[in-house]
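A structural walkthrough
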Amino acid sequence: MIQSHHAVTLAAIIMLNACNTEEQASHNAGNGYSVEWLTDHTDYGEKIHEMGRSCLWESDRIELGLSRFTAAVGPNVYQDEDNEEPDFYTVDVEFGHEEGSTVLFERNLHISDLPDNFASLKATEVITFDRKTRRVDFRIGDNKFSYTIPESRIANKP
């Protein structure tokens, strides 16, 4: 979870209600800026990854507008097996920052629950993003998982 580590300077706060304002401010977050989440922002589903097993996520991602948010999809392959067969599939939404990124939304699915050849689809074939409502949809066969990008404030670090 990302939280502001410094007091927010009120004069420097950029409110992020309009999509274009949010995208521009969010794009500049990091490098001297902090983020304060104004709404609930994390949503994680069932964890399928077996702890202690090294796993490679072969993800494909798209940027969500001009913001620091990305959405990604792809199969995961355990590295301790002698094959390249996917073991499970993950979809997520992440917020990028100067230390890397933070997962805000994640769903993991068993490969057996996916339509045939689904694991090989590109992100653009699975993900849609509505800039006006800030909603990201992942379509997986007959199922749809949705996440709304949270409201936030970007502020200068003192």
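Above this text sits the structure in question.
Read on for a plain summary of the structure. Every chain is numbered on its own, with residues counted from 1 as its sequence reads. Confidence filtering applies because this is a predicted model: local features only for residues at pLDDT of at least 70, side-chain atom pairs given and counted only at 80 or more, and all residues used for totals across whole chains, interfaces and linings. Each side-chain value is derived from all of the structure's non-hydrogen atoms; neither hydrogens nor water enter the calculation.

Bringing the overall build of the protein chain into the picture now. What counts as a helix is a DSSP run of H or I of at least four residues, what counts as a strand is a run of E of at least two, and both are numbered from the N terminus. Per the secondary structure count, the protein chain includes two helices and twelve strands. When the helices and strands of the protein chain are read in sequence order from the N terminus, they spell out β-α-β-β-β-β-β-β-β-α-β-β-β-β. Any two residues having at least one pair of non-hydrogen atoms within 4.5 Å are treated as being in contact. The long-range share in the protein chain, meaning contacts at least 24 apart out of those at least 6 apart in sequence, stands at 59%. Carbon and sulfur atoms provide 46% of the accessible area of the protein chain, an area that totals close to 9,000 Å². Using a 1.4 Å probe, the Shrake-Rupley method yields the accessible areas, and only the shown protein chains count as cover for residues.

By convention a nonpolar core is built from buried Ala, Val, Leu, Ile, Met, Phe, Trp, Tyr and Cys residues, the set being connected through side-chain atoms within 4.5 Å. Accessibility here uses a 1.4 Å probe with only protein chains present; expressed as a share of the type maximum, an area under 20% marks a residue as buried, one over 50% as exposed, and anything in between as partly exposed. If you look at the biggest cluster of nonpolar residues, it comprises 26 residues, and the most contacted ones within it are Tyr89, Val93, Ile127, Phe138 and Ile140. Going through the elements one at a time, strand E2 (33–37), strand E6 (69–78), strand E7 (88–97), strand E8 (100–110), helix H2 (123–126), strand E10 (135–140) and strand E11 (143–148) are the ones with two or more residues in this core. Per-element accounting of this core gives the leading share, four residues, to E7.

This brings us to the pairing of strand E9 (residues 127–130). When DSSP finds two or more bridges between two strands, those strands count as paired. Here E9 pairs with E10 via four bridges, running antiparallel. From the neighbouring strand, phenylalanine 129 faces E10, where its bridge partner is valine 136. Between E9 and E10, which pair antiparallel in sequence order, lie four residues; one of them, arginine 134, sits at a positive phi of approximately 65 degrees.

All we've got here are geometric facts, nothing functional implied.
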